[in-house]
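Overview (structure and organization)
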Amino acid sequence: MRLNACLAAMPGGYLFGEIGRRVRAYEPGAPRPIIHLGIGDVSQPLAPAITEAFVRAAREMGTPQGFHGYPPEQGYPFLRQAIVDADYAPLGVRLDPDEVFVSDGAKTDTSALPELLAPDARVAVTDPVYPAYVDANAMAGRLGRHENGEWSDLVLLPCHPGNGFVPELPGRQVDLLYLCYPNNPTGTVLTRAQLARFVEYALETRTLILFDAAYKAYITDPAIPRSIYEIPGAQQVAVECCSFSKSAGFTGMRCAYTIVPKALTGEVDGRSVSLNALWARRVACRQNGVAYPIQRAAAAALSPEGRAQVDAQVRAYLDNAHRIVRTLQGAGLEVFGGIHAPYVWLRTPEGHSSWDFFDLLLHEAQVVATPGSGFGPAGEGHLRLTAFNSAERTQEALDRILAVLR
Ligand code: MLT
């Protein structure tokens with residue numbers, strides 16, 4: 001039996017798996033309960049409008065009239081229409097429900113979308129970056145060899161305080177450029193002009209942008225684009241991945257969606273081919289969609305009542321993020337992001353690598369963070385904190401971190 005050599009050659013474990021391993025090894029002897037500001041998992045319960053819709057739909061499934069078998073692979077029309085009306089129309093973005101593909105997660109889609117491209121397509125990512133983008137392409141054999149912590153064929157676009165966390169355009173031709181804004185892990189955002197530069201570049205070079213907008217609910221300034229489609233021309237070059245996980249507390253429910261515009265085309269043997277048609281074909285073969293009660297729950301999150309409830313949850317997480325930024329800046333740390341994002345990015349104190357500082361906080365403060373180096377070479381010397389815990393536990397974590405820093 002010949003196995004996938006690229007998968008077998010993958011370095012180390014998946015970042016959040018390795019963090020979980022270290023926490024499990026330490027936890028039994030810990031002097032007090034551990035506080036988790038590591039993986040971006042939400043802590044507030046589902047909002048009432050969502051729970052009601054979920055339960056109602058589950059009950060329907062137990063009746064002869066309300067039973068639903070296989071869902072449509074691309075998502076129920078009621079949810080795709082709600083996404084078009086509630087998420088895009090208010091931004092002035094016109095989409096057809098056939099351009100919306102409902103799935104079980106943005107991680108699933110951001111990992112799978114490169115299947116649209118040639119097997120040897122060249123990929124660019126910002127550095128630091130959400131590791132699933134890189135791992136998925138490495139497993140598919142697109143990234144070459146892994147040497148000295150880097151992939152030989154991956155184009156890295158470093159983001160650091162020196163460039164204001166705004167990546168340079170790729171210095172060589174790439175087929176696929178991943179952008180995630182508000183950014184995971186740095187919590188920074190792009191202005192309209194900065195995002196427009198990437199769209200212009202993609203139009204000129206025929207590059208596909210995979211825009212991960214999983215954290216768009218955290219943008220409170222209308223001058224900052226929530227969707228790449230707010231930029232003219234973007235429907236010709238970008239797919240956009242969105243999720244109910246961080247906006248409506250769906251990390252355990254699993255529901256997300258990807259927009260593949262009909263205006264988006266690529267080439268196969270000199271022929272122009274629609275990416276929407278290719279993705280529809282791929283989805284029909286590979287998945288059976290998302291359960292009916294989950295899709296009803298997701299649609300409820302987009303209703304006026306549900307929207308008001310989930311907006312209040314997002315505001316509470318943003319309050320945590322702002323508190324983390326204020327407190328750690330007050331303690332003299334260099335802190336970034338956390339204003340329009342649930343992630344705060346900080347430089348580790350002098351002499352500490354990312355993993356050293358992670359271990360120090362785990363062992364001395366019993367606080368779990370995420371080491372910046374896990375997101376790529378430019379993340380070394382940094383740490384990410386999430387704002388997804390409760391206000392009380394976030395404050396308690398900050399008090400403990402301050403005590404360690406003193
Ligand atoms: C993160 O912590 O980066 C995210 O929660 C991971 C994810 O969304 O899969």
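Residues numbered from 1 in each chain as written. Predicted model: local features only at pLDDT ≥ 70, side-chain atom pairs only at ≥ 80, totals over all residues. Heavy atoms only, no water.

Helix length check: helix H3 (residues 48-61) (14 residues) gives 20 Å between terminal C-alpha atoms against 20 Å at 1.5 Å per residue, within 8%. Regarding H3, the residues found buried are Ala49, Ile50, Ala53 and Ala57. Around the axis of H3, the buried residues are gathered within 100° of arc, so they sit on the same side. Of the surrounding elements, those touching the buried residues of H3 are helix H8 (245-248), helix H10 (292-302) and helix H11 (304-330). (Helix = DSSP H or I, 4+ residues; strand = E, 2+ residues; numbered from the N terminus. Expected span 1.5 Å × (residues − 1). Buried < 20%, exposed > 50% of the residue type's maximum accessible area, 1.4 Å probe, protein only. Arc of directions from axis to C-beta. Contact = heavy atoms within 4.5 Å.)

Taken in spatial order, the four strands make up an open sheet running S13-S14-S17-S16, and their pairing is antiparallel. Taken across any chain shown, the strands that pair with only one partner, and hence form the sheet edges, are strand S13 (335-337) and strand S16 (370-371). Across three bridges, the pairing between S13 and strand S14 (residues 343-347) is antiparallel. Counterpart to glycine 337 in the pairing with S14 is valine 344. Here helix H12 (residues 354-365) sits on the sheet in contact with S14, S16 and strand S17 (382-386), set at roughly 45° to S17. (Pairing = 2+ DSSP bridges. Axes fitted to C-alpha atoms, helices over the stretch in contact; angles between N-to-C directions.)

This brings us to the site of the ligand. Every residue near the ligand is listed here: Phe16, Ile39, Gly40, Lys107, Tyr130, Asn184, Tyr215, Lys246, Tyr343 and Arg384. Between glycine 40 and the ligand, the recorded distance is 2.6 Å, taken from a backbone N or O atom to an oxygen atom. In this structure, an oxygen atom belonging to the ligand sits 2.7 Å away from a side-chain N or O atom of arginine 384. Relative to its unbound accessible surface of 270 Å², the ligand loses 84% to contact with the protein. Looking at the shell around the ligand residue by residue, the class counts come to five nonpolar, two polar and three charged. (Near = heavy atom within 4 Å. Polar contact = N/O pair within 3.5 Å; in protein donor to acceptor, adjacent residues only side chain to side chain. Areas by Shrake-Rupley, 256 points an atom, 1.4 Å probe, with all protein chains shown as cover. Nonpolar A, V, L, I, M, F, W, Y, C, P; charged D, E, K, R; others polar.)

In the sheet, strand S11 (residues 265-268) pairs with strand S12 (residues 271-274) via four bridges, with the strands oriented antiparallel. Opposite glutamate 267, over in S12, you have serine 272 as the bridge partner.

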